[in-house]
Amino acid sequence: MSIPKIIVSDENGSRELEGVELDGFLAQQAKDFAEQEKLKANAEADYLAKVAARNQVIERLGLTEAEADLVFPPIAKPIHLL
């Protein structure tokens, strides 16, 4: 595995992260990515649950999809899941 070259800018100019700073940066980046994936998974599960609930109501009422769209607006998929 190659070690990425990370360059940061601060009040002293640009510099490459090395050692403990690089390890901390990469660990935080991995943590942030995992959290983002968890949030996406939760949003996807919430979206699918809402769609399923809407479909159950539509089925119980015996509506066509066109009729249902007039009564119950379709559930919008969150933009970060598109």
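Parameters at a glance
Residues numbered from 1 in each chain as written. Predicted model: local features only at pLDDT ≥ 70, side-chain atom pairs only at ≥ 80, totals over all residues. Heavy atoms only, no water. Salt bridge = Lys/Arg side-chain N within 4 Å of Asp/Glu carboxyl O. Buried < 20%, exposed > 50% of the residue type's maximum accessible area, 1.4 Å probe, protein only. Pairing = 2+ DSSP bridges. Helix = DSSP H or I, 4+ residues; strand = E, 2+ residues; numbered from the N terminus. Expected span 1.5 Å × (residues − 1). Contact = heavy atoms within 4.5 Å.

## A short note on the pattern of salt bridges
Turning to step 1, where the next piece is worked out: Per the counting criterion, the structure on display carries six salt bridges.
Turning to step 2, where the next piece is worked out: With its nearest N and O atoms 3.2 Å apart, the salt bridge here joins Arg15 to Asp10.
Turning to step 3, where the next piece is worked out: Overall, the relative accessible area of 34% leaves Arg15 in the partly exposed class.
Turning to step 4, where the next piece is worked out: Accessibility expressed as a relative area gives 29% for Asp10, which makes it partly exposed.
Turning to step 5, where the next piece is worked out: Here Glu21 ties to Arg15 by a salt bridge, and the two come within 2.8 Å at their closest N and O atoms.
Turning to step 6, where the next piece is worked out: Residue classification places Glu21 among the partly exposed positions, given a relative accessible area of 42%.

## Focus on the pairing of strand β1 (residues 7–10)
Turning to step 1, where the next piece is worked out: Sheet topology places β1 next to strand β2 (residues 13–16); four bridges connect them, and they run antiparallel. Counted as the bridge partner of Val8 is Arg15 from β2.
Turning to step 2, where the next piece is worked out: Taking the residues between adjacent antiparallel strands as the criterion, β1 and β2 are bridged by two residues.

## Regarding the environment of Val71
Turning to step 1, where the next piece is worked out: Residue position: Val71 is located in helix α2 (residues 65–71).
Turning to step 2, where the next piece is worked out: Here the alpha-carbon distance between Val71 and Ile58, two residues 13 residues apart in the chain, equals 9.4 Å.

## Digging into helix α1 (residues 19–61)
Turning to step 1, where the next piece is worked out: In this model α1 runs 63 Å from its N-terminal to its C-terminal C-alpha over 43 residues, within 8% of the 63 Å that 1.5 Å per residue would give.
Turning to step 2, where the next piece is worked out: Restricting attention to buried positions, one finds in α1 the residues Leu22, Ala43, Tyr47, Arg54 and Ile58.
Turning to step 3, where the next piece is worked out: On the buried face of α1, the contacting elements are α2.
Turning to step 4, where the next piece is worked out: Positive backbone phi, approximately 70°, marks Gly62, located one or two places after α1.

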